[in-house]
Amino acid sequence: MTRVDFYILQQQQVQERAQFACKLASQLFKRGHQLYIHASDQQAAESLDELLWDFQPHAFVPHGLIGSGNDQQIAIGWGDDPAHHHEVMINLALDVPGFIGRFERVAEVVVQAPEIRDPLRASFKYYKDRGYEVNTNEIQAR
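(A) Layout of the overall build of the protein. Helices and strands together make up the secondary structure of the protein, namely 3 helices and 7 strands. Traced from its N-terminal end to its C-terminal end, the protein shows the element sequence β-α-β-α-β-β-β-β-α-β. Computed over C-alpha atoms, the radius of gyration of the protein comes to 14 Å, within 12% of the 14 Å expected from 2.2 N^0.38 for 142 residues, which places it in the range of a compact globule. In terms of principal-axis extent, the alpha carbons of the protein reach across some 35 × 35 × 30 Å. Counting all 142 residues of the protein, 46% fall into the buried class.

(B) Focus on the pairing of strand β5 (residues 88-91). Side chains Val-88 and Ile-90 project from β5 onto one buried face, and the interleaved Met-89 and Asn-91 project onto a second face that is buried too. With 4 bridges connecting them, strand β2 (residues 35-39) and β5 associate as parallel partners. By the bridge assignment, Ile-37 is partnered in β5 with Ile-90. Bridge analysis of β5 against strand β6 (residues 105-110) gives 4 bridges, and the strand direction is parallel. Among the inter-strand pairings, Met-89 is bridged to a residue of β6, identified as Val-106.

(C) Looking closely at helix α3 (residues 114-129). For α3, built from 16 residues, the straight-helix expectation of 22 Å at 1.5 Å per residue is met to within 8% by its first-to-last C-alpha distance of 22 Å. Here α3 has its buried residues at Ile-116, Leu-120, Ser-123 and Tyr-127. Buried residues along α3 cover an arc of 50° about the axis, so they all sit on one side. For α3, the exposed residues set more than 90 degrees away from the buried face come down to Arg-121 and Asp-129. Immediately beyond the C-terminal end of α3, within one or two residues, lies Gly-131, with a positive phi of roughly 85°.

(D) Structural detail: the pattern of salt bridges. Scanning the model with the defined rule gives 6 salt bridges in all. Measuring nitrogen to oxygen at the nearest pair gives 2.7 Å for the salt bridge that ties Asp-129 to Lys-125. With a gap of 4 residues between them, Asp-129 and Lys-125 both fall in helix α3, about one helical turn apart. On the basis of relative accessibility, which here comes to 52%, the residue Asp-129 falls in the exposed class. Among the charged side chains, a network of salt bridges with common partners joins Arg-3, Asp-5 and Arg-105.

(E) Molecular detail of the packing of helix α1 (residues 15-30) against helix α2 (residues 42-54). It is the contact of α1 with α2, at a shortest axis distance of 10 Å, that shows an interaxial angle of 60°. Here α1 is positioned oblique relative to α2, judged by the angle of their axes. Judged by the twist between their axes, the crossing of α1 over α2 is right-handed. Taken together, the residues of α2 that come into contact with α1 (itself represented by Ala-18, Gln-19, Cys-22 and Ala-25) are Leu-48, Leu-51 and Leu-52. Classifying every residue of the contact of α1 with α2 gives 6 nonpolar, 1 polar and no charged.

(F) Quick peek at the packing of aromatic side chains. Overall, the coordinates contain 8 aromatic pairs when judged by the stated rule. Note on Tyr-36 and Phe-103: the rings are 6.1 Å apart at their centroids and 15° apart in plane angle, and the pair reads as stacked. In this pair, Tyr-36 is assigned in strand β2 and Phe-103 in the loop between β5 and β6, connecting sequence segments 67 residues apart. Per residue, the accessibility class of Tyr-36 equals that of Phe-103, and both read buried.

Definitions and cut-offs
- Residues numbered from 1 in each chain as written.
- Predicted model: local features only at pLDDT ≥ 70, side-chain atom pairs only at ≥ 80, totals over all residues.
- Heavy atoms only, no water.
- Helix = DSSP H or I, 4+ residues; strand = E, 2+ residues; numbered from the N terminus.
- Rg over C-alpha atoms; globule rule 2.2 N^0.38 Å.
- Buried < 20%, exposed > 50% of the residue type's maximum accessible area, 1.4 Å probe, protein only.
- Pairing = 2+ DSSP bridges.
- Expected span 1.5 Å × (residues − 1).
- Arc of directions from axis to C-beta.
- Salt bridge = Lys/Arg side-chain N within 4 Å of Asp/Glu carboxyl O.
- Axes fitted to C-alpha atoms, helices over the stretch in contact; angles between N-to-C directions.
- Parallel < 35°, antiparallel > 145°, perpendicular 65-115°, else oblique.
- Left-handed = near helix turned anticlockwise from the far one by under 90°.
- Contact = heavy atoms within 4.5 Å.
- Nonpolar A, V, L, I, M, F, W, Y, C, P; charged D, E, K, R; others polar.
- Phe/Tyr/Trp six-rings, centres within 6.5 Å; stacked < 30°, edge-to-face > 60°.

See the structure below:
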């Protein structure tokens, strides 16, 4: 069954979610994991695509948007099922996609801004009510 990890950041700023997702994606890539990052819409996916190139000048995190012809170890998409990705998903949308069960692991990133925190509380309840293994990870500000 899918394991769900909530990463709870103490920061208030919404943009901290994307920054943390990039760091997590880099770590997962270095460990050899296949990764899908689920954005809320195309604009958010494109912004994340750009951020992954720039967030750490010394790091190389190969990735691409789904449908761009770049079949990378890290794919970024929105909306539909990501087809061939199945290992780890970082969900940056504010709802639970219908295809989460195909992944071994799902990561949810929470910041303390109410417009992010409150919908993700509902997601936490959704996962728990359906019997998913749910873990929380408190991330301290650096």
